[in-house]
Amino acid sequence: MTTTLRSDFKNLQIESRGAVTILRVHRPDVLNALNRETLSEIEAFAQRFVADPAQGALVITGSGEKSFISGADIGELAVLDPRGAEEISQFGQRVVGRLESSPKAVIAAINGYAFGGGCELALACHMRLASDNAVLGLPEVGLGIIPGYGGTQRLPRLVGRGKALELILTGRRVKADEALAIGLVNKVVPQAELLGEAEKLAQAVLKNGPLAVGAALESAIHGPELGLADGLRLESSRFGILAASEDMHEGLQAFLDKRPARFQRR
Ligand code: COA
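One structure accompanies this document, and this report is about it. (Residues numbered from 1 in each chain as written. Predicted model: local features only at pLDDT ≥ 70, side-chain atom pairs only at ≥ 80, totals over all residues. Heavy atoms only, no water.)

Time to look at the site of the ligand. Looking at the ligand, there are 17 residues lining it, with V30, K66, S70, A72 and I74 nearest. With respect to the ligand, the backbone of A72 contributes an N or O atom lying 2.9 Å from a nitrogen atom. A distance of 2.9 Å separates a nitrogen atom of the ligand from a polar atom in the backbone of I74. Protein coverage of the free-state accessible area of the ligand, which is 860 Å², stands at 59%. Of all elements in the fold, only α2 (74–77) and β7 (113–115) reach the threshold of two or more residues within the shell around the ligand. Here the shell around the ligand is composed, by residue class, of 10 nonpolar, 2 polar and 5 charged. (Near = heavy atom within 4 Å. Polar contact = N/O pair within 3.5 Å; in protein donor to acceptor, adjacent residues only side chain to side chain. Areas by Shrake-Rupley, 256 points an atom, 1.4 Å probe, with all protein chains shown as cover. Helix = DSSP H or I, 4+ residues; strand = E, 2+ residues; numbered from the N terminus. Nonpolar A, V, L, I, M, F, W, Y, C, P; charged D, E, K, R; others polar.)

In structure tokens form, the structure reads like this:
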């Protein structure tokens with residue numbers, strides 16, 4: 001069932017398809033560029049999403065058929081002084097970090113241009129699907145700035161340092177098929193199928209134990225930042241904590257009983 005949720009956000013459209021929430025960034029005049037107001041709205045929404053037990057997974061896309069998010073709003077960047085520039089970078093990093101640290105799956109459905117901050121937001125999502133017309137890139141150095149919402153850190157981690165530096169230093173934009181080949185996106189689909197595919201991917205996560213999904217996300221995302229030994233300790237500790245959950249016993253027992261598991265998030 002699809003429901004458009006009442007949204008008190010100016011630049012976001014929120015739709016619920018059962019437990020899957022679709023968030024569309026909606027600033028059509030600027031191809032969905034992220035101004036400060038939109039970043040604030042995404043942050044507020046992300047907090048709500050994490051807290052709301054009815055929302056199980058999030059798909060982020062752009063409004064319209066041309067652009068996911070065209071980047072940070074260049075009009076706002078143009079008037080920044082050094083203090084303001086550092087502050088907006090930290091703010092953008094915090095906002096996309098809220099998506100990354102969500103204990104529920106967050107999927108970017110990249111439906112067109114994903115440049116600068118738009119590409120960086122997608123990099124912070126747990127998985128990325130792209131439509132066949134998608135183009136991604138970090139063109140900041142061509143504007144005399146650098147990626148400031150995590151791009152210099154997450155792109156090398158995702159595609160390797162050599163390829164990341166090629167893209168960051170040249171600002172070259174990559175089409176969907178190349179993005180797939182370098183591991184920047186998980187899958188490319190025709191634009192008309194993009195949201196359906198994203199929803200299918202979300203459902204494939206949602207059929208699993210939600211506490212286990214949250215623990216796997218935490219371990220896989222934060223573990224590598226700690227180094228191998230501490231990352232392994234984090235994994236074991238989350239493995240141990242799950243053993244206290246009813247869901248773990250339900251999941252294992254359901255397998256032994258040859259029936260589907262009924263997870264309760266506890
Ligand atoms: N910030 C603010 N406004 C933006 C924007 C951004 N990141 N990206 C696009 N816009 C605005 C354009 O200025 C234009 O406004 P106008 O109609 O008032 O002139 C409108 O959105 C449409 O963009 P336009 O350039 O006419 O569309 P296009 O299809 O020819 O090109 C892009 C689309 C995305 C290739 C091009 O707009 C672009 O290169 N944008 C900047 C991308 C970028 O560098 N992002 C990183 C920022 S750090």
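Here we take up the packing of helix α5 (residues 151–159) against helix α6 (residues 161–170). Packing of α5 against α6 brings their axes to within 7 Å, and their N-to-C directions diverge by 135°. Judged by the inter-axis angle, α5 sits oblique to α6. Taken as a pair, α5 and α6 cross one another with a handedness that is right-handed. Taking contact as the criterion, the partners of G151, T152, L155, P156 and V159 in α5 are, on α6, R161, K163, A164, L167 and I168. Split by residue class, the contact of α5 with α6 holds 6 nonpolar, 2 polar and 2 charged. (Axes fitted to C-alpha atoms, helices over the stretch in contact; angles between N-to-C directions. Parallel < 35°, antiparallel > 145°, perpendicular 65-115°, else oblique. Left-handed = near helix turned anticlockwise from the far one by under 90°. Contact = heavy atoms within 4.5 Å.)

What follows deals with the side chain of R17. Tracing the sequence through the fold places R17 in strand β2 (residues 12–17). When its relative accessible area of 17% is taken as the criterion, R17 is described as buried. (Buried < 20%, exposed > 50% of the residue type's maximum accessible area, 1.4 Å probe, protein only.)

For the rest of this paragraph, the subject is the packing of aromatic side chains. The relation between two aromatic rings is expressed through the spacing of the ring centres and the mutual angle of the planes. This model, assessed by the stated rule, comprises 3 aromatic pairs. Summarising the aromatic geometry, the rings of F9 and F45 are spaced 6.3 Å apart at their centres and angled 80° between planes, so their arrangement reads as edge-to-face. With F9 in the loop between β1 (2–4) and β2 and F45 in helix α1 (residues 36–51), this pair connects stretches of sequence that are 36 residues apart. Grouping residues by exposure puts F9 and F45 together as buried. On the numbers, 5.4 Å between centres and 25° between planes, the contact of Y113 with F115 is stacked. When its relative accessible area of 8% is taken as the criterion, F115 is described as buried. Among the aromatic side chains, those forming a connected cluster through ring pairs are F9, F45 and F49. Across the ring face of F115, the terminal group of R173 is positioned such that the distance to the ring centre comes to 4.2 Å. (Phe/Tyr/Trp six-rings, centres within 6.5 Å; stacked < 30°, edge-to-face > 60°. Lys NZ or Arg CZ within 6 Å of the ring centre and 35° of its normal.)

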